[in-house]
Amino acid sequence: FLTTMASSFTVCRLHMRGRILSKRYCSSALSSAEKIECKSLHALQVERQDQAEKSVLISCQSRTSEKKFLKFLSKHGDIKKYFFYESYGVYAVVEFASRDSVSSLLESATIPSISQESIVPFKSRLLSIRNLSSVNQQLNRKHLGFLLLGCVEQQILSLTKAYQLTEENSRLRFLVCSLLKDIAAAYFPECTIRPFGSSVNGFGKLGCDLDMFLDLDSISGVCLQPKSGFSLEYQMKRVNSERAITQSVLSVIGECVDQFGPGCAGVQKILNARCPLVRFSHQPSGFQCDLTANNRVAMKSTELLYLYGELDPRVRSLVFTIRSWARSHGITSSIPGAWITNFSLTIMVLFFLQRRGPPIIPTLDHLRDLAGPEDRSMIEGSDCTFVRDFSKIQLQNNTETLEQLLCEFFEFYATFPFSRMSINIRKGKEQNKPEMSPLHIQNPFETSLNVSKNVNSTQLDRFMALCQESSWLLQQNKTSTPNNTPTPWGLATLLLPSQVAGIKSGKKRRREPASERIKSLLESLKKQNQEKTG
Ligand code: GTP
Ligand code: MG
């Protein structure tokens, strides 16, 4: 009853956040999952990649019997970990203790004969299981009501906890990369596909896109040193630019994904962008995927962001909160345009944290100065060197609370001299603007570039006005706590639609004053609370 899924697999819904239905760890797996927290990004990636290669993704009928499912699969070997999740149907991620079990399972799978459709002869580790009788699954949904309770500090921590990527979501991301690698390996057997961006930099929110990097370095970077009088040289086609190679590699892989990738839909090749990419939707996981190649600087910025996030727990929480705040006010958007991107916004938060007295995180120049020879990295003429051993980094003693930092962040950017100054995390100090874009944020590694070149003055004005309003709202919270409510309701008010939102469409919307909106929110929360306790 196990079948391989061919590319004829079709699912209709496109955007839905996966929900975890049930999960099981053996005790040793749990303790190693906990240890992952303090690993370097490289070590974490190696471990996750290994797990992914021993895993399969199985589409189940919605009422699959967990017991029978496991009994059936364990015929092929020990199962190290598995979990079910829901996204366009119920799926299971199953990690075996050994790769042989995956081969054995694939051997046993049958190719279904479908009357109206034909099958592309390309096997993958995405399988479908049938004929198992039903048992109800317990849903393990996250209740977010608690988000609105407690002081600002607690609200920020709850928000981060509720929306950050889970262990399972992270594993699924690596598994999708590994499934994609199986496809790309048809052309490039030694390639690797690595996730980057918010899937691994520690700032990812459930539902964020999956940025993937097709790494061909093990093939093209190999340089055989002549040991005897002979020198061996691979015979490779020569093309006049790196960009042209990237474009043709992505073009064939994009074609392959489109033609042979089970569950991959809506494939778009965007090869003329500054950074060429293939975009598609991976339906079984629900991830929107961007596949790039030859994008090593982005891998480095991912590593840098990860490092900053690891240095102090306030970094992630603040970035997370500001990203959520920006998203709820339409400061950032999933559609490309003149908006501030999550990447730019994250750099703005990091810069703000460098400007605290004393600074919470060090400058990039300082991280470069601490680097040893093993950390040296030059990519296409850009110096991407910074220390990777966390223990060499000494932090200063800053004891500000998350609530203070949130408030100060809004004040800082409500009055920042954007018209003259550039944001620069390398120096940790604003610099004179080298060009006239409304918002100038120096690219940390390719220092002549502005990561926010796309932002127009309308969007920047909205950002500043919202910072002003949010700073004001937080101050109000401090001075006037509503009756019968023991806590300020700070973050909840910040995530509400704002007065300034009307600027976006140019329409003047009639809105009640913020105090009224807060009052009605509090009333409804009180009512909910009474219902729960009564
Ligand atoms: P999400 O919005 O959650 O996807 O955040 P993200 O950090 O993944 O951003 P995005 O998917 O837009 O980009 C992925 C990665 O590419 C980022 O984390 C950066 O490392 C890099 N990146 C994005 N935009 C820029 C840019 O303008 N310049 C440079 N140098 N790198 C960028
Ligand atoms: Mg991304």
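Computed from a predicted model, the values in this text were never measured in an experiment.

## Quick word on the nonpolar core
Thinking step 1. Counting residues in each nonpolar core, the largest one holds 66 residues, and the members touching the most others are Leu406, Tyr413, Phe418 and Phe463.
Thinking step 2. Mapped by element, the contributors of at least two residues to this core are helix H5 (152-163), helix H9 (296-311), helix H10 (313-328), helix H11 (342-354), helix H12 (364-369), helix H13 (402-414), helix H14 (457-479) and helix H15 (490-494).
Thinking step 3. If one sorts the elements of this core by residue count, H13 sits on top with nine residues.
Thinking step 4. In this structure, Leu406 is in contact with Val152, Ile156, Leu318, Thr321, Ile322, Leu474, Leu491 and Leu494, ignoring residues within four places of it in sequence.
Thinking step 5. The next biggest cluster of nonpolar side chains, apart from the first, holds 36 residues, and it includes Cys177, Leu210, Met212 and Leu250.

## Describing the confidence of the model for the chain
Thinking step 1. For the chain, per-residue confidence averages 81 on the pLDDT scale, and residues scoring 70 or more make up 74% of the total.
Thinking step 2. Every residue in residues 25-36 is under pLDDT 50, and counting partners more than four places away or in other chains gives twelve contacts.
Thinking step 3. Ignoring residues within four places in sequence, the model shows residues 501-514, a span with pLDDT below 50, making 16 contacts including any to other chains.
Thinking step 4. In the predicted assembly, ipTM is 0.96 and pTM is 0.77.

## Observations regarding the sheet that holds strand S7 (residues 192-196)
Thinking step 1. The strand order across the open sheet built from five strands is S7-S8-S11-S10-S9, with neighbouring strands paired in mixed fashion. What marks the edges here is a single partner per strand, and that holds for S7 and strand S9 (264-270). Geometrically, the sheet is characterised by an average inter-axis angle of 25° between neighbouring strands, direction not taken into account.
Thinking step 2. The pairing of strand S10 (residues 277-282) with strand S11 (residues 287-293) spans six bridges and is antiparallel. If you follow His282 over to S11, its bridge partner there is Phe287.
Thinking step 3. In the packing of helix H6 (residues 167-184) onto the sheet, contacts are made with S7, strand S8 (210-215), S9, S10 and S11, and the angle to S7 comes to roughly 150°.
Thinking step 4. Most of the contacts of H9 go to S7, to which it runs at about 45°, and overall it touches S7 and S8.

Rules behind the numbers
- Residues numbered from 1 in each chain as written.
- Chains lettered and ligands numbered in written order.
- Predicted model: local features only at pLDDT ≥ 70, side-chain atom pairs only at ≥ 80, totals over all residues.
- Heavy atoms only, no water.
- Core = buried A, V, L, I, M, F, W, Y, C linked by side-chain atoms within 4.5 Å.
- Buried < 20%, exposed > 50% of the residue type's maximum accessible area, 1.4 Å probe, protein only.
- Helix = DSSP H or I, 4+ residues; strand = E, 2+ residues; numbered from the N terminus.
- Contact = heavy atoms within 4.5 Å.
- pLDDT = per-residue confidence, 0-100.
- Pairing = 2+ DSSP bridges.
- Axes fitted to C-alpha atoms, helices over the stretch in contact; angles between N-to-C directions.

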